[in-house]
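Letter by letter, the chains look like this.
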Amino acid sequence: MYNGLRFVSRAVVILLSILLLLTLVALGGLGLLLDRPIVTVLVFFSVAPAFGLAAYVWYADPTTSEPLWLLLATFLLGLLFANFAAVINSLMQPLFVWIPVAGLSLYFYLVVAPIEEFVKLLAVRLYAFNSNSFDSVIDGAVYGAFAGLGFATIENALYVSRGFQTALQGSAGGEMPVLGIVAGTAAVRALAGPGHVIYSAIAGYYLGLAKFNPEDAGPIIVKGLLIAALIHGTYNSLSTVVPNALVAGLSLPPALATLSFIIGYVSLFSYLLYRKIVRYRAVYETVGATTQTADRQL
């Protein structure tokens, strides 16, 4: 009975996420991916850096290589579950609009970041976590990275397709100027998208720690989610403040100020993720690949 209820609950969650995705295709602008091939090309361009980062995390895993089909399943779940975050974020945003000064930051820290990191971690926990292929701590980072890639893919698709719709409605000069505007949106998303991979890879790493340290599993998972949400919420909160400060203080063009902040922030936490992977590899190679000692020392 327990196994049956668990199967049904998972099926319901996945079906609801598919229905939300179909709704976005019909009403939310994602239908442009089918009608305008150039929009699809721009979305692929915007996702390429995030894919490269996720592929690196997979390649850097010193343990047994994760199966492609399981990575794909986690990617698809990350893509589907992003729709839950979109709905919750939309419903909760009005509650923070009336709060002066700090309202937007509170919204990012208390709603957007924790909800988005939770649904990405759920994409790992729902399926890959229970697989025999999830046999080391670092696997949590790998599957977390691909869940983040799925989330970044659907988010970038929404940004690009909605940007195309908005620009097309306000343009009197035809479609070519619109494509220039949307290409700029895709370029910004190409730099911001890897953030989702980084945040969820960090949370996934702690999920891996929890699997092999079951006596402290709950606190470890919460710690990973809080760290990922803090990094994520800080990015969202500073994404306007810092570029504005760069424009005012250094007289940088707004576009250059925005790109400078995104590149700097994403590069910093990409490096920290890289250091965590290197540390795991060093411990794993020191104690030997035949033991789980590394998974209990980190």
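Please refer to the structure higher up on the page.
Residues numbered from 1 in each chain as written. Predicted model: local features only at pLDDT ≥ 70, side-chain atom pairs only at ≥ 80, totals over all residues. Heavy atoms only, no water.

Observations concerning the packing of helix H1 (residues 2-27) against helix H4 (residues 68-92)
It is at 8 Å that the axes of H1 and H4 come closest, and there the two elements cross at 75°. Looking at the two axes, H1 sits roughly perpendicular to H4. For the pair H1 and H4, contact is made by Val13, Ile14, Leu16, Ser17, Ile18, Leu20, Leu21 and Leu24 and by Leu77, Leu79, Leu80, Phe81, Asn83, Phe84 and Val87, respectively. Looking at the contact of H1 with H4 residue by residue, the classes come out as 13 nonpolar, two polar and no charged. (Axes fitted to C-alpha atoms, helices over the stretch in contact; angles between N-to-C directions. Helix = DSSP H or I, 4+ residues; strand = E, 2+ residues; numbered from the N terminus. Parallel < 35°, antiparallel > 145°, perpendicular 65-115°, else oblique. Contact = heavy atoms within 4.5 Å. Nonpolar A, V, L, I, M, F, W, Y, C, P; charged D, E, K, R; others polar.)

As for the pattern of salt bridges
Note on pairing: side chains with opposite charge can pair once their charged atoms come close. The tally for this structure, following the rule as stated, stands at three salt bridges. In this structure, Lys120 and Glu117 form a salt bridge, with 2.9 Å as the shortest nitrogen-oxygen distance. Pair noted here: Lys120 and Glu117 are both in helix H6 (residues 103-125), with a separation of three residues, about one helical turn. Taken as a pair, Lys120 and Glu117 share a single burial class, namely buried. (Salt bridge = Lys/Arg side-chain N within 4 Å of Asp/Glu carboxyl O. Buried < 20%, exposed > 50% of the residue type's maximum accessible area, 1.4 Å probe, protein only.)

Thoughts on a nonpolar patch on the surface
A cluster of nonpolar side chains, contributed by Phe7, Val8, Val12, Leu15, Leu16, Ile18, Leu19 and Leu22, occupies part of the molecular surface with about 760 Å² of accessible area. Among the residues examined, Phe7 registers a relative accessible area of 61% and is labelled exposed. (Patch = residues over 30% accessible without salt bridge, like charges linked within 9 Å, V, L, I, M, F, W, Y side chains within 5 Å. Areas by Shrake-Rupley, 256 points an atom, 1.4 Å probe, with all protein chains shown as cover.)

Topic: unusual backbone geometry
Even without glycine at this site, Val101 takes up a positive phi of about 65°. By the element assignment, Val101 lies in the loop between helix H5 (94-97) and H6. Relative accessible area serves as the criterion here: at 88%, Val101 is assigned to the exposed category. The backbone of Ser251 shows a phi angle near 60°, a positive value even though the residue is not glycine. Counting through the fold element by element, Ser251 comes out in the loop between helix H10 (217-250) and helix H11 (254-287). Residue Ser251 is classed as exposed on the basis of its relative accessible area, which comes to 61%.

Let's talk about the environment of Pro254
Mapped onto the elements of the fold, Pro254 is located in helix H11. Spatially, the C-alpha atoms of Pro254 and Ser131 are 47 Å apart, while their sequence positions differ by 123 residues.

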